[in-house]
Amino acid sequence: AQVGGGEGEGGKTLEFADVKKYGVAGTVAYVITELAFWILAFPAAAYALYNTTGHWPDLSDNADRAAVLGFIFAGANVARLAVPLRLGAALALAPWVDENLISKEREE
């Protein structure tokens, strides 16, 4: 199934199947790239709220909590444009994951 709409080399569309070709290492690499994306999403949303309202979010305040979640939702929709980039990052990371995480786990 096609995940991204970006054109890769030679006009080929980058797909999640390309990542799955690396097996467990490809899947782990993709999970790492997704975790990195979402770990950055909350601070980016908090900073966007700060720039918009002039104060840092107070998560005990429902309005601030809703605003931060709104920024994350909006960012996630924009981030769909970056799916080919995230797949490419996973493809680039997969050999390292295989060598440094998966292979070492098999040795133990």
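The structure this text deals with has already been given above.
Notes on the structure in this doc start here. (Residues numbered from 1 in each chain as written. Predicted model: local features only at pLDDT ≥ 70, side-chain atom pairs only at ≥ 80, totals over all residues. Heavy atoms only, no water.)

1. Considering the packing of aromatic side chains
Formally: Side-chain rings of Phe, Tyr and Trp (the six-membered ring for Trp) are treated as a pair once their centres are within 6.5 Å; stacked means planes under 30 degrees apart, edge-to-face means over 60, and tilted covers the remaining angles. Two conditions define a charge located above a ring, namely a distance within 6 Å from the ring centre to NZ of Lys or CZ of Arg, and an angle within 35 degrees of the ring normal.
Summed over all chains, the structure comprises five aromatic pairs. Between the aromatic rings of Tyr-50 and Trp-56, the centroid separation amounts to 4.4 Å while the plane-to-plane angle is 15 degrees, which identifies the pairing as stacked. Through pairs of rings, three or more aromatic residues link up here, namely Tyr-47, Tyr-50 and Trp-56. The lysine or arginine in question, Arg-86, covers the ring of Phe-37, its NZ or CZ lying 4.5 Å from the ring centre.

2. Quick word on the environment of Ala-89
How we decide: The helix and strand labels rest on DSSP assignments: H or I over at least four residues marks a helix, E over at least two residues marks a strand, and numbering proceeds from the N terminus.
If you trace the backbone, Ala-89 turns up in helix α4 (residues 83–107). Taking the C-alpha atoms as reference points, Ala-89 and Val-19, 70 residues apart in sequence, are found 9.8 Å from one another.

3. Re the nonpolar core
Threshold: The definition of a nonpolar core used throughout is a set of buried Ala, Val, Leu, Ile, Met, Phe, Trp, Tyr and Cys residues joined through side-chain atoms within 4.5 Å. Type-normalised accessible area, obtained with a 1.4 Å probe on protein chains alone, sets the label of each residue: buried when under 20%, exposed when over 50%, and partly exposed for intermediate values. Here a residue-residue contact requires only that any non-hydrogen atoms of the pair lie within 4.5 Å.
Core analysis: the largest hydrophobic core is formed by eleven residues, namely Leu-14, Val-19, Ala-25, Ala-29, Tyr-30, Val-83, Leu-87, Ala-90, Ala-94, Val-97 and Ile-102. Residue contacts for Tyr-30: discarding those within four places in its chain leaves Phe-16, Val-19, Leu-87 and Ala-90.

4. Quick look at the pattern of salt bridges
Formally: Just to be clear on terms, a salt bridge is a Lys or Arg side-chain nitrogen sitting within 4 Å of an Asp or Glu carboxyl oxygen.
Inspection of every chain in the model, using the stated rule, returns two salt bridges. Here Lys-21 and Asp-18 are joined by a salt bridge, their closest N and O atoms 3.5 Å apart.

5. Some details on the packing of helix α2 (residues 23–53) against helix α3 (residues 62–79)
To be explicit about the condition: Each axis is a line fitted through C-alpha atoms, taken for helices only over the stretch in contact, and angles between the N-to-C directions span 0 to 180 degrees. Throughout, the term roughly parallel applies to angles under 35 degrees, roughly antiparallel to angles over 145, roughly perpendicular to angles from 65 to 115, and oblique to all others. Crossing handedness: left-handed means the near helix sits turned counterclockwise from the far one by under a right angle, and right-handed means the same turn made clockwise. Residues are grouped as follows: Ala, Val, Leu, Ile, Met, Phe, Trp, Tyr, Cys and Pro are nonpolar; Asp, Glu, Lys and Arg are charged; all remaining types, including Gly, are polar.
Their axes nearest at 9 Å, the elements α2 and α3 cross at an angle of 120 degrees. Between α2 and α3, the angle falls in the class oblique. Of the two elements, α2 crosses α3, and the hand of that crossing is right-handed. Facing α2, whose interface residues are Phe-37, Trp-38, Ala-41, Phe-42, Ala-45, Ala-48, Leu-49 and Thr-52, α3 presents Asp-64, Ala-67, Val-68, Phe-71, Ile-72, Ala-76 and Ala-79. Looking at the contact of α2 with α3, its residues break down into 13 nonpolar, one polar and one charged.

6. Looking at the side chain of Asp-64
Quick reminder of the rule: For the charge count, each Lys or Arg is scored as positive and each Asp or Glu as negative, with His and the chain ends excluded.
You can see Asp-64 is positioned in helix α3. There is no salt bridge for the buried Asp-64, and the closest opposite charge comes from Arg-65, which lies 9.1 Å off by N-O distance. When sequence neighbours within four positions are dropped, the list of residues in contact with Asp-64 reads Leu-49, His-55, Trp-56, Pro-57 and Asp-58.

7. What about the side chain of Arg-86?
With respect to the helices and strands, the residue Arg-86 is situated in helix α4. Taking the relative accessible area as the measure of exposure, Arg-86 reaches 14% and is therefore buried. Look past the residues within four positions of Arg-86 in its chain and what remains in contact with it is Thr-33, Glu-34, Phe-37 and Ala-79.

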